Amino acid sequence: MAKKAAIIMGSDSDRPIVQKAMDKLASFGIPYETHIFSAHRTPVQAAEFARSARDNGFGVLIAAAGKAAHLAGALAAQTTLPIIGIPVKSSTLDGLDALLSTVQMPSGMPVATVAIDGAENAAILAAQILALSDDALADKLIAMREDMTAAVLKKEKALQEELSAN
Ligand code: RP5
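Residues numbered from 1 in each chain as written. Predicted model: local features only at pLDDT ≥ 70, side-chain atom pairs only at ≥ 80, totals over all residues. Heavy atoms only, no water.

Novice: Break down the packing of aromatic side chains for me, with residues and values.
Specialist: Two measures describe an aromatic ring pair: the distance that separates the ring centres and the angle between the ring planes. All chains considered together, the criterion is met by 2 aromatic pairs. An angle of 40° between the planes, with centres 5.6 Å apart, marks the rings of Phe37 and Phe49 as tilted. With a gap of 12 residues between them, Phe37 in the loop between β2 (32-36) and α2 (43-53) and Phe49 in helix α2 connect regions that are remote in the sequence. For the residue pair Phe37 and Phe49, the accessibility class agrees, reading buried in each case. Where Phe49 meets Phe58, the ring centres are 5.3 Å apart and the plane angle is 55°; that geometry is what we call tilted. For the pair Phe49 and Phe58, a shared accessibility class is recorded, and that class is buried. In this structure an aromatic cluster arises from ring pairing among Phe37, Phe49 and Phe58. (Phe/Tyr/Trp six-rings, centres within 6.5 Å; stacked < 30°, edge-to-face > 60°. Helix = DSSP H or I, 4+ residues; strand = E, 2+ residues; numbered from the N terminus. Buried < 20%, exposed > 50% of the residue type's maximum accessible area, 1.4 Å probe, protein only.)

Written out as structure tokens, the structure is:
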């Protein structure tokens, strides 16, 4: 059976960013769950989810949090499943606080950190991890790359046509 992805957010205020990851996972047809668990406010629930995630059929966890963003690291401490961290931009330090809190993990405890608010890339990376054991999903990733290339080449063509007309 296909492995699931989970997206955990530290607060419902992270939802607008998380929605982009949800939409991207859905576009690949990846089964996923979304939860609100905080490293600080609900540490027991966050730990329990991560500890049982492998047995519950998950293959990768995405953690989105802002400010002192310890969620991805707290989940990583409880499982050997790959963890992808999304540092969420907060109003005060523009997400640099969350970026450093998420990316600067101690050795032995990695978190694959995407850009500030990089929810779409988090979902694509999750898809790439799950595609290691799912050829149909790997084909969808290749198709996505081909679409991307075609879109850029179309813009390049339009640009050259515009410039040569002047
Ligand atoms: C973090 O603190 C959450 O991930 C959120 O990004 C930030 C602010 O949380 P709220 O005060 O909006 O609940 O834990």
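Having seen the structure, we can now continue with the description.
Novice: How would you explain the pairing of strand β3 (residues 58-66) if you had to name every residue and give the values?
Specialist: Buried residues dominate β3, accounting for 8 of its 9 residues. Pairing of strand β1 (residues 4-9) with β3 involves 6 bridges; the strand directions are parallel. The residue of β3 that forms the bridge with Ile7 is Ile62. Bridge analysis of β3 against strand β4 (residues 83-88) gives 6 bridges, and the strand direction is parallel. (Pairing = 2+ DSSP bridges.)

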